[in-house]
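Fold and geometry: a report
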Amino acid sequence: MLLPAVLTALIFSYAPMPGIVMAFQNFKPWLGIQGSEWVGLDNFRLIFTMKDSVQVIWNTLSISVLKIFFGLTVPVTFALLLNEVRAMKLKRSIQTMVYLPHFMSWVILGGILLDLLSLDGLVNRALTFLHLQPILFLGDGFWFRVTVIVSDQWKEFGFSAIVFLAALAGINPDLYEASEIDGAGRWKQTLHITLPSLLPIMSVVFTLSLGNILNANFDQIYNLINPLVLQQGDIIDTYVFRNFQGGQYSLAAAVGLFKSAVGFILISGGYYCAYKWTDYRVF
């Protein structure tokens, strides 16, 4: 059962790793890795000296941090609320509805959002009907970030809640029975039994999400961004893709290595903190 996953990791994650050396070269495909000029850390310096590089890195961090925060709190809250539903048919129906957006690509969802949030779209028509001013959701920097974060949560929170629903199912029911005898209501049970029981898995999910802190979801941003919101919405991946197309293998490798190094450091630190604070270990 493990063989397909192991082979996939070996082929797509470990076999390409020698190509990391391109990050330290002025790589030319016709010369190959051995024949390309060695430039040391020049590609990494270019990342931080590019025009607007500081703003782009700040955009990436701010969007990613908010996504990580809401990507943890929203699924946990949803799992807690759904766990209180006693009608199984209703519970399964809600689960199915919130899972479905996860399986839709951002190409499709981007087109839907562009239609819904345009000035003559359904959302702004509703605001006009309520005598409110239309909002440039995808044309204003502040509202663009709000749209990116809200749409990302809408797409992923249902699927992300699966692991928390599984953790809730594994809590010993004797704990709830004993608390009822002591007079604890549902709110006290949630505070003193449910949330502490979820804390270890929440720590692991948070730790693993730190590895994507410099990603911010290229697919989503690329399909929603436009020239009006580049200052507030441009991230590292879209900036590099837009400005360095056409054979910039070394720069792309340097960006990927930089992001991977930062992600590895954060995951390692987060895992250590999770072990110290919650005594939870994957291995």
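Residues numbered from 1 in each chain as written. Predicted model: local features only at pLDDT ≥ 70, side-chain atom pairs only at ≥ 80, totals over all residues. Heavy atoms only, no water.

1. Structural notes on the confidence of the model for the protein
Let me state the cut-off plainly: A residue's pLDDT is simply how confident the predictor is in it, with values from 0 to 100. The helix count covers DSSP runs of H or I at least four residues long, the strand count covers runs of E at least two residues long, and both are numbered beginning at the N terminus.
In this model, the protein carries an average pLDDT of 86, and 96% of its residues clear a pLDDT of 70 or more. By mean pLDDT, the top-scoring element of the protein is helix 1 (residues 3–14) (93), and the lowest-scoring one is helix 13 (residues 236–243) (80).

2. A word on the nonpolar core
Test applied: Here, the term nonpolar core denotes a set of buried Ala, Val, Leu, Ile, Met, Phe, Trp, Tyr and Cys residues that are joined through side-chain atoms within 4.5 Å. Only protein chains enter the area calculation, which uses a 1.4 Å probe; residues under 20% of their type maximum are buried, those over 50% are exposed, and those in between are partly exposed. When checking whether two residues touch, look at their non-hydrogen atoms; a contact exists if any pair is within 4.5 Å.
By size, the foremost hydrophobic cluster in this structure holds 19 residues, and its most contacted members are Val76, Phe164, Leu168 and Leu198. Elements with a contribution of two residues or more to this core: helix 4 (53–83), helix 5 (88–99), helix 8 (141–169) and helix 10 (186–209). Ignoring any residue separated from it by four or fewer positions in sequence, one finds Phe164 in contact with Leu72, Pro75, Val76, Ala79, Leu198, Ile201, Met202 and Val205. Counting residues in each nonpolar core, the second largest holds 18 residues, with Ile47, Ile213, Tyr239 and Val240 among its members.

3. Observations regarding the pattern of salt bridges
Heads up, the rule is: A carboxyl oxygen of Asp or Glu within 4 Å of a side-chain nitrogen of Lys or Arg is what we treat as a salt bridge.
Counted by the stated rule, this structure contains five salt bridges. A salt bridge links Arg86 to Glu84, with the shortest nitrogen-to-oxygen separation between them at 4.0 Å. For Arg86, a relative accessible area of 56% translates into the label exposed. In this structure Glu84 comes out as partly exposed when scored by relative accessible area, which is 34%. A salt bridge links Lys155 to Glu156; the shortest N-O distance between them is 3.0 Å. The burial state of Lys155 is the same as that of Glu156; both residues are buried. Salt bridges sharing common partners tie together Glu84, Arg86 and Arg186.

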